[in-house]
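Listed here are the chains, written in short residue letters.
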Amino acid sequence: MIVVLGDLLACAVLLLASIGGIGPEPTTRAEETAAWQSAGKLYFGWLVAGATSFAVLRMPMALIAHLTTMLLSPVALFVLLLSKAAWSW
């Protein structure tokens, strides 16, 4: 459970950082691209580091929870945003 909460918090912070909600707001296309790229690198770093750590420590349930949360949370956010956009029409 702690793994899932930590992953959700990390995903939320990375999303906010990529759109300027945390830190400086990107004002140019280059700054926006740099923010998305750095958030993407941190996301994949967190994904790989967590998966490697849980595999080395032989914690299969934590590994499954980590992978599931990290891979499904962007999909769930995308579906949520699409459903929100559909209701606003």
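Below or above, wherever it landed, is the structure these notes cover. Bear in mind that the values here come from a model prediction, so they are computed numbers and not experimental data.

Rules used in this analysis
Residues numbered from 1 in each chain as written. Predicted model: local features only at pLDDT ≥ 70, side-chain atom pairs only at ≥ 80, totals over all residues. Heavy atoms only, no water. Helix = DSSP H or I, 4+ residues; strand = E, 2+ residues; numbered from the N terminus. Expected span 1.5 Å × (residues − 1). Buried < 20%, exposed > 50% of the residue type's maximum accessible area, 1.4 Å probe, protein only. Arc of directions from axis to C-beta. 1 Å grid on protein atoms, 1.4 Å probe; cavity = no way out; pocket = protein on both sides within 12 Å on 5 of 7 lines; lining within 4 Å. Points joined across faces, edges and corners; volume = space filled by probe spheres on them. Nonpolar A, V, L, I, M, F, W, Y, C, P; charged D, E, K, R; others polar.

1. So, helix H1 (residues 2-19)
Moving on, step 1. For H1, which comprises 18 residues, the first-to-last C-alpha distance of 26 Å matches the rise-based estimate of 26 Å (1.5 Å per residue) to within 8%.
Moving on, step 2. Of all the residues in H1, the buried ones are Val3, Asp7, Ala10, Cys11, Leu14 and Ser18. Looking down the long axis of H1, one finds its buried residues gathered within 100° of arc, a one-sided arrangement. Among the exposed residues of H1, those pointing more than 90 degrees away from its buried face are Ile2, Leu5 and Leu9.

2. Things to note about the layout of surface pockets
Moving on, step 1. Considered as a void within the structure, the largest pocket measures approximately 360 Å³ in volume.
Moving on, step 2. As for the largest pocket, its lining consists of 15 residues, of which Cys11, Leu15, Tyr43, Pro74 and Leu77 are closest to the centre.
Moving on, step 3. Listing elements by their share of the lining of the largest pocket, those giving two or more residues are H1, helix H2 (29-56) and helix H3 (60-88).
Moving on, step 4. In terms of residue count, H1 provides more of the lining of the largest pocket than any other element does, six residues in total.
Moving on, step 5. In terms of residue class, the lining of the largest pocket is built from 12 nonpolar, three polar and no charged.

Nothing here speaks to function; it is all geometry.
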